[in-house]
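# A structural walkthrough
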Amino acid sequence: MAFILERNTELRFFSKPLILIGLIGYFYSITKPISSTLLAKTILGALIFSLVGDILLLWDQLFIYGIGAFMLAHVCYIIGFKVAQKAPESVLNVNFIKTFFINLPIYFLGAFAYYMINPNLGNLKIPVVVYIIVIVSMLTTARERYKKCNPTSFWQAFIGACLFFISDGIIALDKFYQPIPDASVLIMGSYAIAQLMIVMGIRSHIIQPKP
């Protein structure tokens, strides 16, 4: 954050990846006993793909590849959130209308962000649309863990997913709508806390898997 404020681009090339390197090391150390489980593998995969995305986004010309890396990270988080809850209901028992209206604010925010940036997407329209669908799915999956895991795990992971959504929203608006003052500080601040909260949410689930 200090290097962002000082506009020290060279040192940021070294400091930015340290956020995820630190979290990867921490998560790996606390999940060694369950390292072979799908939960540990998917969350670790999400962190590794996020690290790759962080590095790729250091170069503007690699933006599309950074999007791809983060999209894979969100897919891993979706799987991890599904695993980190009690057995999901049968599809036949799901109230899709109720679920739709509960998730409606999230759908609205995703649609609004797309509406704002759509005129300036150009050739990136399709990958950005796919990315929005995936990150909205990640956030709704985190939301659907409510009362299906212990409350601490739910709120930590859900707040983390919300902050991730906000961070990506700021990136999209700053890049494709209009420049936002201090965007880099807002993006990295919300992003770092988001990743930490998700990791802590999964940690809480591992400690107390039942709601």
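Anything mentioned here points back to the structure above.
Residues numbered from 1 in each chain as written. Predicted model: local features only at pLDDT ≥ 70, side-chain atom pairs only at ≥ 80, totals over all residues. Heavy atoms only, no water.

### Some words on the packing of helix α5 (residues 96–117) against helix α6 (residues 125–143)
Relative to each other, α5 and α6 sit at 155°, their axes nearing to 10 Å. Taken as axis vectors, α5 and α6 run roughly antiparallel relative to one another. The crossing of α5 and α6 is right-handed. Here T99, I102, N103, I106, Y107, G110, Y114 and I117 of α5 come into contact with α6, specifically with K125, V128, V129, I132, V136, L139, T140 and R143. In terms of residue class, the contact of α5 with α6 is made up of 10 nonpolar, four polar and two charged. (Axes fitted to C-alpha atoms, helices over the stretch in contact; angles between N-to-C directions. Helix = DSSP H or I, 4+ residues; strand = E, 2+ residues; numbered from the N terminus. Parallel < 35°, antiparallel > 145°, perpendicular 65-115°, else oblique. Left-handed = near helix turned anticlockwise from the far one by under 90°. Contact = heavy atoms within 4.5 Å. Nonpolar A, V, L, I, M, F, W, Y, C, P; charged D, E, K, R; others polar.)

### Looking at the environment of P179
Among the structural elements, P179 can be located in the loop between α7 (151–176) and α8 (183–207). By relative accessible area, P179 is classed as exposed at 68%. Counting along the chain gives 83 residues from P179 to F96, while the straight-line C-alpha distance between them is 38 Å. (Buried < 20%, exposed > 50% of the residue type's maximum accessible area, 1.4 Å probe, protein only.)

### Notes on the packing of helix α2 (residues 9–30) against α8
Closest axis-to-axis distance for the α2/α8 pair is 10 Å, and the angle between their directions is 10°. Between α2 and α8, the angle falls in the class roughly parallel. Along the contact surface, α2 presents R12, K16, I19, L20, L23, Y26, F27 and I30, while α8 presents M188, Y191, A192, Q195, L196, V199, M200, I202 and R203. Residues belonging to the contact of α2 with α8 are distributed by class as follows: 13 nonpolar, one polar and three charged.

### Quick notes on the packing of aromatic side chains
Going through the model one piece at a time under the given rule, you end up with 13 aromatic pairs. Taken together, a centroid distance of 5.9 Å and an interplanar angle of 85° make the contact between F70 and Y191 edge-to-face. Residue F70 is located in helix α4 (residues 63–83), and its partner Y191 is located in helix α8; the two are separated by 121 residues in the primary sequence. Given a relative accessible area of 6%, F70 falls into the buried group. Assessed through its relative accessible area of 4%, Y191 is described here as buried. (Phe/Tyr/Trp six-rings, centres within 6.5 Å; stacked < 30°, edge-to-face > 60°.)

### Observations regarding the environment of P17
Its location among the elements puts P17 in helix α2. On the accessibility criterion, P17 (9% relative accessible area) is buried. P17 sits 154 residues away from I171 along the chain, and the two C-alpha atoms are 18 Å apart. Ignoring anything within four residues of it in the chain, the contact list for P17 reads R12, L51 and I55.

### Here we look at the pattern of salt bridges
Under the counting rule described, the total for this entry stands at one salt bridge. As a salt-bridge pair, K82 and E144 come within 3.7 Å of each other at their nearest N and O atoms. Placement of the pair is K82 in helix α4 and E144 in the loop between α6 and α7, with a sequence separation of 62 residues. (Salt bridge = Lys/Arg side-chain N within 4 Å of Asp/Glu carboxyl O.)

### Structural notes on a nonpolar patch on the surface
On the surface, a cluster of nonpolar side chains totalling about 490 Å² of accessible area is made up of I97, F100, F101, L104 and Y107. Among the residues examined, Y107 registers a relative accessible area of 31% and is labelled partly exposed. (Patch = residues over 30% accessible without salt bridge, like charges linked within 9 Å, V, L, I, M, F, W, Y side chains within 5 Å. Areas by Shrake-Rupley, 256 points an atom, 1.4 Å probe, with all protein chains shown as cover.)

Read these as layout, nothing more, since geometry by itself doesn't imply function.
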